[in-house]
Amino acid sequence: MERQSPLFTVFVYAAALLLAAVILAPILWLFVMSISSAADLSAKPLNWWPEEIDLSRYRLLLSTIENSAGAAFTASLFNSLKVAGMATLAAIAVAIPAAWAVSRTSNVSWSLYAVIATYMLPPVALAVPLYMGLAYLGLLNSVFGLALVYLTILAPFTTWLLKSGFDSIPREIESAAMIDGARLDQILRLITLPLAAPVMATSALFAFLLAWDEFFYALLFTSDLRAKTLTVAISDLAGGRVSDYGLIATAGVLAALPPVLIGLVMQRALISGLTSGGVKG
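Figured I'd write up the structure that's included with this text.

### Points about the overall build of the protein chain
From N to C terminus, the protein chain includes 13 helices and zero strands. Listed N to C, the secondary structure of the protein chain is α-α-α-α-α-α-α-α-α-α-α-α-α in terms of helices and strands. For the protein chain, buried positions account for 38% of its 281 residues.

### Here we look at empty space enclosed by the protein
Counted according to the given criterion, the structure contains one cavity of 30 Å³ or more. If you add up the space inside the largest cavity, you get close to 30 Å³. Forming the boundary of the largest cavity are W29, S36, D40, L41, L46, N47, W49 and P50. Across the lining of the largest cavity, the residue classes break down as five nonpolar, two polar and one charged.

### Here's the deal with the layout of surface pockets
A water-sized probe, rolled over the atoms, reveals where empty space remains. Roughly 300 Å³ of volume is contained in the largest pocket. If you go around the largest pocket, you meet 13 residues; those closest to its centre are T118, Y119, L126, I153 and Y217. Residue assignment for the lining of the largest pocket shows that the elements contributing at least two residues are α6 (123–137), α7 (143–167) and α11 (216–221). Looking at the lining of the largest pocket residue by residue, the classes come out as 10 nonpolar, two polar and one charged.

### Concerning helix α9 (residues 184–195)
Over its 12 residues, α9 runs 15 Å from end to end, which matches the ideal 16 Å to within 8%, given 1.5 Å per residue. Inspection of α9 places I187, L188, I191, T192, P194 and L195 among the buried residues, and these make up the whole buried set.

### Remarks on the packing of aromatic side chains
In total, this model carries five aromatic pairs according to the counting rule given. Plain terms: the ring middles of Y217 and F221 are 5.7 Å apart, the flat faces sit at 5° to each other, and that makes the pair stacked. Taken together, the residues span about one helical turn, with Y217 and F221 both in helix α11 at a distance of four residues. For the pair Y217 and F221, one class covers both residues: buried. An aromatic cluster is defined as three or more aromatic residues linked by ring pairs; in this entry it consists of Y131, F216, Y217 and F221.

### Digging into the pattern of salt bridges
Counted under the stated rule, the structure contains six salt bridges. With a shortest N-O distance of 2.8 Å, K163 and D167 are connected by a salt bridge. Placement of both K163 and D167 in helix α7 is noted, with a separation of four residues, approximately one turn of the helix. For K163, a relative accessible area of 13% puts it in the buried group. As a salt-bridge pair, R183 and D185 come within 3.1 Å of each other at their nearest N and O atoms. Among the residues examined, D185 registers a relative accessible area of 38% and is labelled partly exposed.

What counts, and at which threshold
Residues numbered from 1 in each chain as written. Predicted model: local features only at pLDDT ≥ 70, side-chain atom pairs only at ≥ 80, totals over all residues. Heavy atoms only, no water. Helix = DSSP H or I, 4+ residues; strand = E, 2+ residues; numbered from the N terminus. Buried < 20%, exposed > 50% of the residue type's maximum accessible area, 1.4 Å probe, protein only. 1 Å grid on protein atoms, 1.4 Å probe; cavity = no way out; pocket = protein on both sides within 12 Å on 5 of 7 lines; lining within 4 Å. Points joined across faces, edges and corners; volume = space filled by probe spheres on them. Nonpolar A, V, L, I, M, F, W, Y, C, P; charged D, E, K, R; others polar. Expected span 1.5 Å × (residues − 1). Phe/Tyr/Trp six-rings, centres within 6.5 Å; stacked < 30°, edge-to-face > 60°. Salt bridge = Lys/Arg side-chain N within 4 Å of Asp/Glu carboxyl O.

This is the structure in structure tokens:
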């Protein structure tokens, strides 16, 4: 084996540490703000670590007292989980047959690129027709209606990602199963989808993150706690004349926890899918 230069090894580790610092520094500062008192946040010079740790904001936002800021925050948190979860599951269900059809039938590949071209339109251009459609169906200020809107955003994206995964699976495997008498649903369920498990997990993860972070449509199509999502609830915290930046930071930390936990779970699914796919291939 070729030996690496010690200088190159030091450079690689230094670059990795620099990248980690750039990525983690804003997150660490967000956490420091969330546990800092108002005096520490307004002190000059700035305190890089609070003199006294203040966890009152976490207790405030996680409280379930009726008509409190905590009740509004937790309600919006559950709304975001519902909307992002429903939209992601629906997008994967729609994208699997669509991506397989486009991957295996090159004559219709233009349709996928035509749909993806709609991403070139600014969201505000679609706001009025979407609003009128939801109003006609009676789905304004509804988690189901918002999930339906998110589905229109996520379905082309997940289809594009899944197509790349299906393209990497040899068609000869499916042809051999078809010769042996396997039905199309059996080929997809027993052969194609297990081999495409890594890209399916990746698509689901990115779709969930896109739905979780979406703000514009959630702001337009929701009005109260029945459907208001977390991004809108956090913006409400900054809507007054005097903003508690520590409270906003606390909300940001709590809002980041579900995607992080789901990402860790999906990471294990990705590794498992890669391993099983390599063995089956």
